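# A closer look at the structure
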Amino acid sequence: MTDTGPITMRSWLFAPGDSEKKMTKAVGGAADVVILDLEDAVTIDNKPAARAAVAQFLRGNQEHRNRLFVRVNPLDGPYTLEDLAAVMPARPGGIMLPKVSGREDMEVLDRYLEALEVANGIEQGSTPVIVLVTETARSMFHCGDFAGAPRLVAMTWGAEDLADSIGAQSNTDADGRFGFTYELARSLCLLGAASAGVPAIETIQADFRDLETLKTRAEQVRRAGYRGMLAIHPAQVEVINAAFTPNAEEIEKAREIVALFAANPGAGTIGYEGGMLDRPHLSRAQQLLAQVEG
């Protein structure tokens, strides 16, 4: 649980932590969550300055606190503790942990955060975490280990670092679609998130100018079970928000299904629009309504 209230999770927009201009533009837009990035977007030489800039930005934007996550560097490198020590006194809304190998990384991060929360007068356990899985070959085998993991509020996946991890020349086929291994990574993230009871968040689309492909892809992964998507450019945010927002027709149909089962509590199946509904249809309708009605 957090002390920041519910987090809407359709769009997660990265902003480089060493650019006040880009962080300001990101928080002023429509992204549900802004991820102030201390990892890939910042060179090693710029990391100290970026930590200070992110901490200052957090302090100056506390009214947006629940929207402001910080992507720290991975635990297998030397920078994570420095990142956390710099930003936690400024009370970020959450942390993104990249290159997570398995649940043990979450448990290590939990201990770090707990100590820093106590040191800075922050309620213990109140800083939520989204994990970035599938970025290493090892992590692919541990996507299902996160049920009950401390602080976990969402899971997302990565294709670029995975390609590097396994020595691939590309993560796409000749037609530009993700290859089998990366589609598998997407599926494992989705299944892992469902097992953990948290939303699955789709990875980035690198070509931020191609909004039609983004729209198609976002709608496809939402139908598959994803609940949001990472963005690398403000132009992608509105498309993502629209794709992951149930429309009026979907909402009305879900309400009809819920009402039908409520009126027939003993029924296992119910006729509807020339077909049959069973309990999984009811569950999906309830889940959709939960997205819009809380």
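Residues numbered from 1 in each chain as written. Predicted model: local features only at pLDDT ≥ 70, side-chain atom pairs only at ≥ 80, totals over all residues. Heavy atoms only, no water.

### Some points on a negative patch on the surface
As a reminder, the rule being used: Each patch is assembled from residues with relative accessible area greater than 30% and no salt bridge, linking like charges that lie within 9 Å and nonpolar side chains (Val, Leu, Ile, Met, Phe, Trp, Tyr) that lie within 5 Å. To measure how exposed things are, a 1.4 Å probe is used in the Shrake-Rupley method; for residues, cover is taken only from the protein chains shown. For this analysis, a salt bridge means a side-chain nitrogen from Lys or Arg found within 4 Å of a carboxyl oxygen belonging to Asp or Glu. The charge count includes Lys and Arg as positive and Asp and Glu as negative, but it does not include His or the ends of the chains. Here the site of a charge means NZ on Lys, CZ on Arg, CG on Asp, or CD on Glu. Here's how the labels work: a residue is buried when its accessible area is under 20% of the maximum for its type, exposed when over 50%, partly exposed in between, all with a 1.4 Å probe on protein chains only.
A cluster of like negative charges, contributed by Glu249, Glu252, Glu256 and Glu273, occupies part of the molecular surface. Looking at glutamate 273, the relative accessible area reads 65%, which means it is exposed.

### Let's talk about the packing of aromatic side chains
Note the following rule: Within 6.5 Å between ring centres, the rings of Phe, Tyr and Trp (the latter by its six-membered ring) count as paired, and their orientation is classed by plane angle as stacked under 30 degrees, edge-to-face over 60, tilted in between. Helix and strand definitions here come from DSSP, where helices need a minimum of 4 consecutive H or I residues and strands a minimum of 2 consecutive E residues; each element is numbered from the N-terminal end.
Counted under the stated rule, the structure contains 2 aromatic pairs. Summarising the aromatic geometry, the rings of tryptophan 12 and phenylalanine 69 are spaced 5.3 Å apart at their centres and angled 80° between planes, so their arrangement reads as edge-to-face. With a gap of 57 residues between them, tryptophan 12 in strand E1 (residues 11-16) and phenylalanine 69 in strand E3 (residues 68-71) connect regions that are remote in the sequence. Under the relative-accessibility criterion, tryptophan 12 is labelled buried at 0%. Residue phenylalanine 69 is classed as buried on the basis of its relative accessible area of 0%.

### Some remarks on the nonpolar core
Formally: We call a set of buried Ala, Val, Leu, Ile, Met, Phe, Trp, Tyr and Cys residues a nonpolar core when their side-chain atoms join them within 4.5 Å. What makes two residues a contact is simply this: any of their non-hydrogen atoms within 4.5 Å.
Residues Leu36, Val70, Val131, Phe146, Leu152, Met155 and Trp157 are the most contacted members of the largest nonpolar core, which totals 62 residues. Tryptophan 157 has contacts with Leu132, Val133, Thr134, Phe178, Tyr182, Ala185, Arg186, Cys189, Ile201, Glu202, Thr203 and Tyr226, leaving out every residue within four places of it along the chain. Ranked by size, the runner-up nonpolar core spans 13 residues in total, among them Val33, Leu132, Val153 and Ile201.

### A short note on unusual backbone geometry
Its identity as a non-glycine residue notwithstanding, arginine 91 has a phi of 60°, on the positive side. By the element assignment, arginine 91 lies in the loop between helix H3 (80-87) and strand E4 (94-97). Under the relative-accessibility criterion, arginine 91 is labelled partly exposed at 29%. Positioned with a positive phi, threonine 134 is a non-glycine residue whose angle comes to about 70°. Here threonine 134 is to be found in the loop between strand E5 (129-133) and strand E6 (152-157).

### Quick word on helix H1 (residues 20-27)
Under the convention used in this document: Relevant arc is that of directions from the helix axis to the C-beta atoms, nothing else.
The set of residues buried in H1 consists of Met23, Ala26 and Val27. End-on, the buried residues of H1 take up no more than an arc of 90°, which puts them together on one face. Exposed and oriented more than 90 degrees from the buried face of H1 are Lys21 and Lys25. Of the surrounding elements, those touching the buried residues of H1 are E1, strand E2 (33-37), helix H2 (47-60) and E3.

### Some remarks on the state of the cysteines
Applicable threshold: Criterion for a disulfide: a pair of cysteine sulfur atoms within 2.5 Å.
Counting across every chain of the model gives 0 disulfides. This cysteine, cysteine 143, is not joined by any disulfide, and cysteine 189 carries the nearest cysteine sulfur, 6.4 Å off.

### So, the sheet that holds E6
Heads up, the rule is: Strands qualify as paired when DSSP identifies two bridges or more between them. Every axis in this analysis is a line fitted to C-alpha atoms, fitted for helices over the stretch in contact. Angles between the N-to-C directions lie between 0 and 180 degrees.
Here we have 8 strands rolled up into a closed barrel, ordered E1-E2-E3-E4-E5-E6-E7-E8, and parallel in their pairing. Between one strand and the next, the sheet's axes are offset by a mean angle of 25°, whatever the strand orientation. Alignment of E3 against E4, held across 3 bridges, turns out to be parallel. The residue bridging arginine 71 from the neighbouring strand is methionine 96, located in E4.

### Description of the side chain of serine 126
Going by this rule: Pairing of N or O atoms within 3.5 Å defines a polar contact, subject to two protein rules: one partner must be a possible hydrogen donor and the other a possible acceptor, and residues neighboring in sequence count only if both atoms are side-chain atoms.
The topology assignment puts serine 126 in the loop between helix H4 (103-119) and E5. The exposure class assigned to serine 126 is buried, which follows from its relative accessible area of 1%. In terms of polar contacts, serine 126 uses its side chain to reach the backbone carbonyl oxygen of glutamate 123, at 2.6 Å.

### Digging into the pairing of strand E9 (residues 269-272)
Burial along E9 is one-sided: Ile270 and Tyr272 are buried, and none of Thr269 and Gly271, which face the opposite way, are. Where E9 lies against strand E10 (residues 275-278), 4 bridges are found, and the strand directions are antiparallel. Note on E10: the bridge partner recorded for glycine 271 is methionine 276. Here E9 folds back onto E10 in antiparallel fashion, the turn holding 2 residues, of which glutamate 273 has a positive phi close to 50°.

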